Structure formats: C-alpha cells, structure tokens
Amino acid sequence: MSEKSEAVSFGERLAASQAFADLFRDGMALVEETASYLDGPGRQESKKLERNAALAYATESMRLTTRLMQLASWLLLHRAVNEGEMSLAQANKEKAKVKLSVGEHSDEHNIKLLPERLCVLIERSKVLQSAVRRLDATIHAVPTRVERSNPVERQLGLLKAAFEHE
C-alpha cells in the first residue's frame, strides 16, 4: 500500500493554537486600553507635567503607539492565516513589512519622569512584543538542514527551533 503523506505544518498549527488566540486577545485588549488611556487620562496627566517630563511623555507614548501598531499588524496578519484568508507563506512575505523590533529602546531617565500608568503600559507592551517575537520565530522557523526525503526531520527541526527561542 503506497500512501503519500505530507508533513504537518508546525507553524500553521501553532498560528491556529489556543496560545495564539490568547495572545491575540490580550494584545488587542492592550491596544484598546492604551488608546483609551492616551486619549483620556493620559492626555490630562501630560498637561500637568513639567517641560522635560512632557517631552519624555510625548517621546515614550509615540514609541509605545508605534510598537503596539506593529504588534497589532502582526497579530491581525496571523489571524488572517487562522481564518483561511491567506496562507502561512503569504503571511511570511507580508510580515516583512512589520517591524517587531520597532520602539524597543527607551531612555530610562525618561521613563522615571512618566506617570506610573504609562510606565505600566510600556512594560506590558514590551512583554507582548517579546511573546510575539518568540511566536514569530517559532511559526516562521526554517530548519537549518532539511532532508527532502525525510519530512519527520523537518518537523524535528521546527520543534527544535521553537524551543531554542524560549
């Protein structure tokens, strides 16, 4: 009996996992919470800050917004994969436009001048960024050595890549 078998796409399975669903939910909730804060209480808090602190607020809130926009783009792109709107290969091409390292740097002196709630949002966004970067590396991992005749070896390479990035 000759059956043709195909390797299971670890990346596609991971993108469709409950872990991704939870990350998507938490990430989009953080985007909404941050937007609400920056448009409301954050705007009021920034008006009360001294000049240096107000400049730090403007700088760090822009970095935060940029970071979250990039993360939301990545999450929405991979949700499209889950919903069958695009393949993982298409998402891999499109994700080149998403910069997961954007807004990574922040000035610790500036951070000390900021309202506490903004600092918390910045830290949460960095935690989300780290989780997305790990998941991205796992989903889009390319094994270093792939034997065309052995699909199991490819899957082992993907598993190895997933656990090396932890």
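Thresholds applied
Residues numbered from 1 in each chain as written. Predicted model: local features only at pLDDT ≥ 70, side-chain atom pairs only at ≥ 80, totals over all residues. Heavy atoms only, no water. Helix = DSSP H or I, 4+ residues; strand = E, 2+ residues; numbered from the N terminus. Expected span 1.5 Å × (residues − 1). Buried < 20%, exposed > 50% of the residue type's maximum accessible area, 1.4 Å probe, protein only. Core = buried A, V, L, I, M, F, W, Y, C linked by side-chain atoms within 4.5 Å. Contact = heavy atoms within 4.5 Å. Axes fitted to C-alpha atoms, helices over the stretch in contact; angles between N-to-C directions. Parallel < 35°, antiparallel > 145°, perpendicular 65-115°, else oblique. Left-handed = near helix turned anticlockwise from the far one by under 90°. Nonpolar A, V, L, I, M, F, W, Y, C, P; charged D, E, K, R; others polar. Patch = residues over 30% accessible without salt bridge, like charges linked within 9 Å, V, L, I, M, F, W, Y side chains within 5 Å. Areas by Shrake-Rupley, 256 points an atom, 1.4 Å probe, with all protein chains shown as cover. Salt bridge = Lys/Arg side-chain N within 4 Å of Asp/Glu carboxyl O. Phe/Tyr/Trp six-rings, centres within 6.5 Å; stacked < 30°, edge-to-face > 60°.

1. So, helix α2 (residues 18-39)
Phase 1: When the terminal C-alpha atoms of α2 are compared, their 32 Å separation across 22 residues agrees well with the 32 Å that a helix rising 1.5 Å per residue should span.
Phase 2: Among the residues of α2, those classed as buried are Phe-20, Leu-23, Phe-24, Gly-27, Met-28, Leu-30, Thr-34, Tyr-37 and Leu-38.

2. Quick notes on the nonpolar core
Phase 1: In terms of nonpolar packing, the biggest core is built from 31 residues, with Leu-23, Trp-74, Leu-75, Leu-114, Leu-118, Leu-128 and Val-132 touching the most fellow members.
Phase 2: Elements supplying a minimum of two residues to this core: α2, α4 (51-82), α5 (88-94) and α7 (116-139).
Phase 3: The dominant element in this core, judged by the number of residues it contributes, is α4, at ten residues.
Phase 4: Residues contacting Val-132, with those up to four places away along its chain left out, are Leu-23, Leu-71, Trp-74, Leu-75 and Leu-100.

3. Side note on the packing of α2 against α7
Phase 1: Packing of α2 against α7 leaves a shortest axis separation of 11 Å and a crossing angle of 155 degrees. With respect to α7, the element α2 is oriented roughly antiparallel. Crossing handedness for the pair α2 and α7: left-handed. Contacts between α2 and α7 involve Phe-20, Leu-23, Gly-27, Leu-30, Glu-33, Thr-34, Tyr-37 and Leu-38 on the former and, on the latter, Arg-117, Leu-118, Leu-121, Arg-124, Ser-125, Leu-128, Ala-131, Val-132 and Leu-135.
Phase 2: Residues that form the contact of α2 with α7 fall into these classes: eleven nonpolar, three polar and three charged.

4. Section: α4
In an α-helix there are 3.6 residues to a turn, and that puts residues three or four apart on one side.
Phase 1: For α4, spanning 32 residues, the distance from its first C-alpha to its last is 46 Å, which sits close to the expected 46 Å at 1.5 Å a residue.
Phase 2: Once α4 finishes, Gly-84 follows within two positions and takes phi at roughly 75 degrees, a positive value.

5. What to know about a nonpolar patch on the surface
Phase 1: On the surface, Val-152, Leu-156 and Leu-159 cluster together into a nonpolar patch covering about 270 Å² of accessible area.
Phase 2: For Val-152, the location among the structural elements is in helix α8 (residues 151-164).

6. Focus: the pattern of salt bridges
Phase 1: This structure, assessed with the given rule, holds eight salt bridges.
Phase 2: Several salt bridges converge on common partners, so that one network encompasses Asp-22, Arg-25 and Asp-26.

7. Some thoughts on the packing of aromatic side chains
Phase 1: For the structure shown, the criterion picks out two aromatic pairs.
Phase 2: Measuring from centroid to centroid gives 6.2 Å for Phe-20 and Phe-24, while their planes differ by 40 degrees, and the two rings are tilted. Residue Phe-20 and its partner Phe-24 are both found in helix α2; the two are separated by four residues, about one turn of the helix.
Phase 3: Here a set of aromatic residues connected by ring pairs shows up, and it is made of Phe-20, Phe-24 and Trp-74.

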